[in-house]
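The residues making up each chain are set out below.
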Amino acid sequence: MKGRQPVEDEMLKAHRASFDRLVSVVQLRLDRRQFDDAAALARVAANFAWMHHPGCFTSPELEAVIRALGAVISGDTTSENGMLLGSLPPQRILHVFTEALEVGGHTRLATRWIQLDSNRVHCVVTTRQRGDIPAELRTAVEASGGSVSAVRDDRSPLAAASSLAVLAEDYDAVVLNVHPFDVVPSIAFASRRPRPKVLFVNHADHVFWLGTSVADLVICLRQSGHMIARTRRGIEESRLVDLPLPLVLRQRTMNITDAKQALLIAPDHVVLLSVASEYKFETRKPPGFLDLVVPVVEQKMSTTLLAVGPTNSGPWNKANKLTAGRVRPLGVLRDPAPYREAADIYLDSTPLASVTSLLESAALATPCLAYIGGREPGSPSISDPPLVVDSILRAQDPAEYQRLLLRLISEPEFRAEVGAGLASQVREAHSPDRWIARLEKVYEQLGSVDRVEPPAEVTTPPLMATDVDREIVSLAWDRHGPLAVARTLGSFPGELRSLRGRALFGGTLLLGRALLARSPLPVRRLKNSSIPPRWWPVSDRFLVR
């Protein structure tokens, strides 16, 4: 008798089944000429695939629907691609965001891009902005001679896509900094109407995203993202280009001793620092970040861990009490610079790395330690920034990690040597002059590629669970379950305004209940569920993880 498959494989199967059902509903809406419904539900399907990895990183079927919707907004019935607009190298560039965030790597990347590329006019347009545009981004845009605008997709994704397509005709190139589920830019640039060339920033390189059918060139920010784009998204090597992150390479404003005193930390304490969103530390499969670090902090009484991002609750609160306050979760901070300057050692987050945060600390000559845990070199959850990765200390198992950490704590000369070598490579790879030179190469390569053609086949390959797929699906353990589709729909209330949308939501709930009867997954009633109580059945088995 065959052994039971790993639970990750079961998760992948459940996710693929739900995703395939959603895609079939999208295609049905398209066949019935319910075009706005098709676009809205395509967004739901893509969001589901982003948050619940279905064993694929792109969907030819969804991309085909998007191309069809692109033809709808332009009234086009021809089979040939439209002409390209604008001049290359570009002089006027339109940066498209789903949402520009005050705290968010892709927003900071675009802001720095615009600041460094100061000889061109840069404009920003958003499709689903909920708050104010970050002041630094707005200032950079206006300093270049550009402006900030929005095309709202609240009521009609097709209307928003049409507006975006018209707006883009005044530019030489478009840069997409969009969320993985955003259908508006893809529909806008998938039509066969004339458009500028499109650069897609692969900032969410480890998850499913829409856009392969419109990306004339894909900018990869790390080695694993490049590999997945080529091998799993089917993007030709000639359309892939590597670009280091455009960092602000800060200089120290004070020495480490003074920085510690400013934070009320004893000068003789060795300060460990990690900066990342709290979810990047969460794992169901030990060892987690705290499993690796807390035993060392307990052993070395003159060591303090500062964690920017996590809040003082759950396991972080327990670690704080266990170490008499020497593990300090600080929550989200807009500017962690004072903590970077006080740090003797930087620890990369795990199980999901935070590349930008690591590099910003490395630039200050802070040695960096990362946990690999036996993962492959091309794993998307580890830090592998181009031109720098070889200078990061990387441990393959917990024993090696703790041995390296203890050596960094105990040997100041070793810390200084590792930090100096890393800082030299970071500053060389990410210096403004070198980064601009690489960006000019990107513009040059953009001029050498033709408008992307639709794929010959529109069938998503069958699910073949690889170590990369299992790793990604395990990173979001609490998001699993047959009712994940319903929860995804619940996060898009605008998509449920129509009777058809509500009917689909109810049908999905019933489907989830039917699937649950034969589900192999662990069961727990979700706290703070987005599904109202009236939808809960009498059994806790209705909501699963």
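Below is a summary of the structure that appears in this document. Note that the structure is predicted; figures quoted are calculated from it, not measured.

### A look at the pairing of strand β10 (residues 327-331)
(1) Moving on: Residues V327, P329 and G331 point to one face of β10 and are all buried, whereas R328 and L330, pointing to the other face, are not buried.
(2) Moving on: Pairing analysis gives four bridges linking strand β9 (residues 303-308) to β10, with the strands arranged parallel. Paired with V308 across the bridge in β10 is G331.
(3) Moving on: As a crossover connection, the stretch from β9 through helix α11 (residues 314-322) into β10 is right-handed.

### Remarks on the environment of A365
(1) Moving on: Summarising the element assignment, A365 is placed in the loop between α13 (355-362) and β12 (368-371).
(2) Moving on: For A365 and E341, which are 24 residues apart along the polypeptide, the C-alpha to C-alpha distance reads 9.9 Å.
(3) Moving on: Discounting residues that sit within four places of it in the chain, A365 has contacts with G419, A420 and A423.

### Focus on the packing of aromatic side chains
(1) Moving on: What the rule picks out here adds up to eight aromatic pairs.
(2) Moving on: Connected via pairs of aromatic rings, a cluster forms that spans F281, F289 and W316.
(3) Moving on: Its end group placed over the ring of F414, R407 keeps NZ or CZ at 3.8 Å from the ring centre.

### A few points about the packing of helix α10 (residues 289-299) against α11
(1) Moving on: Packing of α10 against α11 brings their axes to within 11 Å, and their N-to-C directions diverge by 10 degrees. One finds that α10 runs roughly parallel with respect to α11. Along its contact with α10, which presents F289, L290, V294 and E298, the element α11 presents P315, W316, A319 and L322.
(2) Moving on: By residue class, the composition of the contact of α10 with α11 is seven nonpolar, no polar and one charged.

### With respect to the environment of A319
(1) Moving on: In this fold, A319 is placed in helix α11.
(2) Moving on: Separated by 25 residues in sequence, A319 and V294 have C-alpha atoms that sit 6.9 Å apart.

### Some remarks on the packing of helix α6 (residues 157-168) against helix α7 (residues 183-190)
(1) Moving on: Between α6 and α7, the least distance of the axes is 8 Å, while the angle of their chain directions is 55 degrees. Viewed along their axes, α6 and α7 adopt a mutual orientation that is oblique. The hand of the α6/α7 crossing is right-handed. Contacts between α6 and α7 involve P157, L158, A160, A161, L164, A165 and A168 from the first element and V183, V184, P185, I187, A188 and F189 from the second.
(2) Moving on: Looking at side-chain class alone, the contact of α6 with α7 contains 13 nonpolar, no polar and no charged residues.

### Structural notes on the sheet that holds strand β4 (residues 173-177)
(1) Moving on: Strands sit in the order β3-β2-β1-β4-β5-β6-β7 across an open sheet of seven strands; the sheet is parallel. The strands lining the two open edges of the sheet, one partner per strand, are β3 (148-150) and β7 (240-242). Across the sheet, the mean angle from the axis of one strand to that of its neighbour is 25 degrees, orientation sign disregarded.
(2) Moving on: Docked against the sheet, helix α8 (residues 223-231) engages β6 (217-220) and β7, running at close to 175 degrees with respect to β7.

### As for the pairing of β9
(1) Moving on: Burial analysis of β9 places six of its six residues in the buried class, the great majority of the element.
(2) Moving on: By the alternation rule, side chains of β9 split into T303, L305 and A307 and T304, L306 and V308, which are all buried.
(3) Moving on: Examined bridge by bridge, strand β8 (residues 270-275) and β9 share six bridges and lie parallel to one another. Each bridged residue has a counterpart across the sheet, and for V270 the counterpart in β9 is T303.
(4) Moving on: In the classification by handedness, the crossover that spans β8, the intervening α10 and the parallel β9 is right-handed.

### Concerning the sheet that holds β8
In sheet architecture, strand pairing relies on hydrogen bonds along the backbone and comes in two forms, parallel and antiparallel.
(1) Moving on: The six strands lie next to each other as β10-β9-β8-β11-β12-β13, forming an open sheet whose pairing is parallel. With one partner strand each, in any of the chains shown, β10 and β13 (393-395) form the two edges of the open sheet. Neighbour-to-neighbour, the strand axes of this sheet turn through a mean angle of 25 degrees, independent of strand direction.
(2) Moving on: With respect to the sheet, α10 is in contact with β8, β9, β10, β11 (345-347) and β12, its orientation differing from that of β9 by roughly 155 degrees.
(3) Moving on: This element, α13, spans β8, β11 and β12 of the sheet and lies at about 175 degrees to β11.

Basis of the calculations
- Residues numbered from 1 in each chain as written.
- Predicted model: local features only at pLDDT ≥ 70, side-chain atom pairs only at ≥ 80, totals over all residues.
- Heavy atoms only, no water.
- Buried < 20%, exposed > 50% of the residue type's maximum accessible area, 1.4 Å probe, protein only.
- Helix = DSSP H or I, 4+ residues; strand = E, 2+ residues; numbered from the N terminus.
- Pairing = 2+ DSSP bridges.
- Right-handed = clockwise from strand over helix to strand, strands pointing away.
- Contact = heavy atoms within 4.5 Å.
- Phe/Tyr/Trp six-rings, centres within 6.5 Å; stacked < 30°, edge-to-face > 60°.
- Lys NZ or Arg CZ within 6 Å of the ring centre and 35° of its normal.
- Axes fitted to C-alpha atoms, helices over the stretch in contact; angles between N-to-C directions.
- Parallel < 35°, antiparallel > 145°, perpendicular 65-115°, else oblique.
- Nonpolar A, V, L, I, M, F, W, Y, C, P; charged D, E, K, R; others polar.
- Left-handed = near helix turned anticlockwise from the far one by under 90°.

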